[in-house]
Amino acid sequence: MKVSQMLISTLRENPAEAEIVSHQLLLRAGLIRKSASGIYIYLPLGMRVLEKISAIVREEMNRFGGQELLLPIVQPAELWQETKRWDVYGEEMFRLKDRHNRDFCLGPTHEEIITDLVRREVNSYKQLPLLLYQIQNKYRDEKRPRFGLMRGREFVMKDLYSFDRDQEGLEHSYKKMYQAYTNVFKRCGLDFRVVEADSGAIGGSTTHEFMVLAETGEAAIVYCDECDYAANVEKAEAIPMETEKEPAAEMELVATPDARTIEEVAGYLKVSPKRLIKTLFYRADDEIVAVLLRGDREVNEVKLQNHLDCLQLELADPKQIEEIAESPVGFVGPVGLNVKILADKEIPLLTNAVAGANREGYHYKNVNPGRDFEIDEVADLRQVEAGEPCPKCGAKLNSARGIEVGQIFQLGTKYSEALNAKYTDENGQEQLLVMGCYGIGISRTMAAAIEQNHDENGIIWPITIAPAQVVIVPVSTKEEAQVEAAEKLYRACLNAGLEVILDDRDERAGVKFKDADLIGYPIRVTVGKRTVNEGTVDVKLRHSGEEQAVQLTEATSHLKELVDNLFKQYQAQYEGITA
Ligand code: 9G3
C-alpha cells in the first residue's frame, strides 16, 4: 500500500477524551475513530491489526479441534426467558423490538444461541466432543464506557463453546483451551498471567482469566514468584494473620471525641489499626448485615456476595446505619448490635480490640469477640494484599494490575439443563451435555498490546500483529532518483511476500519518520542521498532503535531475514496436548 492513497490520519496531540495511553495512541496513530460513546470504527490500519489477532486466534482454536461458525447478533428473547436470564441482566442488555413487536436483544454473549443450536443438531454421543466458536461483535450497554477499546459497548470477541459427554470430557476440552489461549497470547507478544478467577453469576466451579499485566488494568491480581499460584483478588484466598495473644481484659468505655475514622481512633488511642474492628453495613437483597474486618483490611465484595449468595449487594447508606446502630456512623461497632453479624476470619483471633460503642463520641477498649458480642458467620471476606503468604507455598505474594483479555469457564450442565440439551449414550440413555465456554476479547487484546508495547514516540508493534512489517520512507519526493529507488525496493519487497507500506506522501522526511514511529511499524527503511550516492539504505528497528546501512542490492533478502527472525521469538510451543 502507498500512504498517499490510504485513509490514514495521524494526530499530533492526545485527544482530550483519551485517558490511557492505548486509547490515545489508537486515535493518534489513525487506527480507530469514535462513532458514539463506546462504539468505534476500525480504520484500515486498525483493521489489519484486528485481522492479525483474529488469524492467530483462529489458528489456535482450529489446532485444538475448534470449528468456526457465525451466530446471530440479534437474539430472540424466548431463549433468554427459557434460561431465566432475560430478567437477570438489566440495562446492560441492548434490547429491541421487531416490526411485529417481538422482543430481541443484541447478543452480549451466546450461551443460549449455541445451546439451542446443539440441542437441535446433536443427539448421539458419537457426535461429541464439539468445540464450536465464532469471532463476532458483542453488545453490552456499559454504564461508563471508557478507555477506548478497553471497555466498549460494542466489541469483538472470540467465543468458543465446548460440548462433552461428561465432566472428564469437559476437563480435557478445558485443558486444550488453556493451552490454546497460552499460545495465542504468547504469539501476540503479550506478558500475561493465568489467574484463578471467581465464577460469579455463571456459577459452576472452575474458571481462569488471562491477564495482561499493565498499570492501567482494571483487575487486581496477586501472584507468587516461587510457585505458579496466581489469582484475581476477587478470588484470592486470604490467610488469617494471628495477632499477639494477651489475657482478655475488662471491656471499658472510652471517650473518643471527634475520632471517627480508623486512623483517627487508632491515633487518638495510640493503638495499631490492626487492633481495631472496622464495622461495615451492607444491604444484601433486602437484608441489612454487619460485616466486621480488622481495621487495616479492606472488604472483598465479590467474596461477600458469594458468601451471602445474594443478587444485589450494596453498602447501606449512612441514614440506615444510624437508625440500626442508634449512633453516628463514626462510632458504630458490633457490641449490642441487633443485625446479622458476619466477620472475616481474622476477627475471632483478636483479643482486647477497639470498636465503636454505638454511642456518639465513644469507643470500647478490650472488646473480645465471643465474650462481648456474638458472630453469626465467619468467612474469608477480605482483600488479599501484596506481601501476604502465598496460600500454596507460603512465599510472599506480589500484586499487579491486569487487563483481562481472556476467560475460560467450566459451565457443567447450567445451560444444557435449562434448555434440555441432551445426547443419547451407548446404552441408549439420555444424558445432559456438559459444557464449557471460552472468551477472548479480540479488540481488547489490540488495546492491551499497545499498553504493553509503546514509548514516548508511539506504538511498538510486535511483528506478529503489526499493521505492516516494513515501511519505506523516501527522504525527498523531489529527487527523482530517490523516488525511483524507493518504488523499486517497495515492489521487490511486495514480490518477496513482505507486508510493506511506501510512504510516498509529498511531506518533509521528519513528518514521515514521526508517523512511522507513532504508528509503530517494526522496521523502517530510509531511501535518501546515500542510496543514490553509495547504493545503501538505512534499516531501523522500531523495538531496539538499532540502525544499519544495507546494500540496496541485498536489502530485500536482508529485510526478509529480519522479519523471519523477529517472528521466531513469538513461536508458541505445541508440546503437550493437541486436538
Ligand atoms: C448479559 C449481559 C452481560 C454479560 C452476560 C450476559 C458477561 C454474561 C458472562 C459471559 C460468560 C462467557 C462466553 C464467552 C466468555 C464469557 N456479561 N456474561 O453472560 F446478558 Cl448484558 O459472557 N460467555
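As the structure is a computational prediction, the values presented were derived from the model and not from experiment.

Student: Looking at this structure, how should I read the environment of L31?
Tutor: Its location among the elements puts L31 in the loop between helix 1 (21-28) and strand 1 (32-36). A residue is classified by how much of its surface remains accessible, and L31, at 0% relative accessible area, is buried. Note: C-alpha distance between L31 and V49 (18 residues apart in sequence) is 8.7 Å. In contact with L31, other than residues within four places in its own chain, are L26, I41, Y42, L43, L45, G46, M446, I450, I459 and W461.

Student: How should I be thinking about empty space enclosed by the protein in this particular structure?
Tutor: According to the stated counting rule, one finds one cavity of 30 Å³ or more in the structure shown. For the lining of the largest cavity, the per-class residue count stands at six nonpolar, one polar and four charged.

Student: Got a minute to help me understand the pattern of salt bridges in this structure?
Tutor: Proximity of charged atoms lets side chains of opposite charge pair with each other. The tally for this structure, following the rule as stated, stands at 45 salt bridges. For D103, the salt bridge is made with K97, and the minimal N-O distance between the two is 2.6 Å. With a closest N to O distance of 2.8 Å, R371 and D372 form a salt bridge. Overall, R371 belongs to the partly exposed group, its relative accessible area being 42%. Here the salt bridges do not stand alone but share partners, grouping K274, R294, D296, R297, D344, E346, R382, E385 and E388 into one network.

Student: Is there a simple way to think about the nonpolar core in this case?
Tutor: The tendency in soluble globular proteins is for nonpolar side chains to be buried as a group. One finds L31, M177, Y181, F185, M446 and W461 to be the most contacted residues of the largest nonpolar core, which totals 66 residues. Mapped onto the domain boundaries, this core takes at least three residues apiece from domain 1 (42-237 + 398-451) and domain 3 (468-571). Among the nonpolar cores identified, the runner-up in size contains 24 residues, and Y490, L502, A555 and L566 belong to it.

Student: What should I look at first to understand the site of the ligand in this one?
Tutor: Around the ligand, the surrounding shell holds 16 residues, and the nearest of these are R85, P108, T109, E111 and R140. Take Y89: an N or O atom from its side chain is 3.5 Å from an oxygen atom of the ligand. Separating an oxygen atom of the ligand from a side-chain N or O atom of R140 is a distance of 3.0 Å. About the coverage of the ligand: the protein hides 90% of its 510 Å² of free accessible area. At the level of secondary structure, the elements contributing two or more residues to the shell around the ligand comprise strand 8 (154-164) and strand 24 (434-441). Residue contributions to the shell around the ligand peak at three residues, all from strand 8. Considering only residue class, the shell around the ligand consists of nine nonpolar, two polar and five charged.

Student: Could you clarify how one ought to interpret the domain arrangement of the chain in this entry?
Tutor: Interfaces are often sized by the amount of accessible area the parts lose when they come together. Here the domain parsing of the chain yields domain 1 (42-237 + 398-451), domain 2 (252-379) and domain 3 (468-571). The straight-line distance from the C-alpha centre of domain 2 to that of domain 3 is 65 Å.

Student: Looking at this structure, I do not really get the packing of aromatic side chains. What am I missing?
Tutor: Here the distance between the centres and the angle between the planes together describe a pair of aromatic rings. Taken as a whole and assessed by the stated rule, the structure comprises eight aromatic pairs. Measuring from ring centre to ring centre gives 6.4 Å for F94 and Y139, while their planes differ by 85 degrees; the resulting arrangement is edge-to-face. With F94 in the loop between helix 3 (77-82) and strand 5 (95-97) and Y139 in strand 7 (residues 130-139), this pair connects stretches of sequence that are 45 residues apart. Of the residues examined, Y139 reaches a relative accessible area of 11% and is grouped as buried. Taking 6.3 Å as the distance between ring centres and 35 degrees as the angle between the ring planes, the aromatic pair formed by F192 and F210 counts as tilted. With F192 in strand 9 (residues 192-196) and F210 in strand 10 (residues 207-213), the pair connects residues that are 18 residues apart, well separated along the chain. No difference in accessibility class separates F192 from F210, as the two residues are buried.

Cut-offs and rules
Residues numbered from 1 in each chain as written. Predicted model: local features only at pLDDT ≥ 70, side-chain atom pairs only at ≥ 80, totals over all residues. Heavy atoms only, no water. Helix = DSSP H or I, 4+ residues; strand = E, 2+ residues; numbered from the N terminus. Buried < 20%, exposed > 50% of the residue type's maximum accessible area, 1.4 Å probe, protein only. Contact = heavy atoms within 4.5 Å. 1 Å grid on protein atoms, 1.4 Å probe; cavity = no way out; pocket = protein on both sides within 12 Å on 5 of 7 lines; lining within 4 Å. Points joined across faces, edges and corners; volume = space filled by probe spheres on them. Nonpolar A, V, L, I, M, F, W, Y, C, P; charged D, E, K, R; others polar. Salt bridge = Lys/Arg side-chain N within 4 Å of Asp/Glu carboxyl O. Core = buried A, V, L, I, M, F, W, Y, C linked by side-chain atoms within 4.5 Å. Domains from an automatic or database assignment. Near = heavy atom within 4 Å. Polar contact = N/O pair within 3.5 Å; in protein donor to acceptor, adjacent residues only side chain to side chain. Areas by Shrake-Rupley, 256 points an atom, 1.4 Å probe, with all protein chains shown as cover. Phe/Tyr/Trp six-rings, centres within 6.5 Å; stacked < 30°, edge-to-face > 60°.

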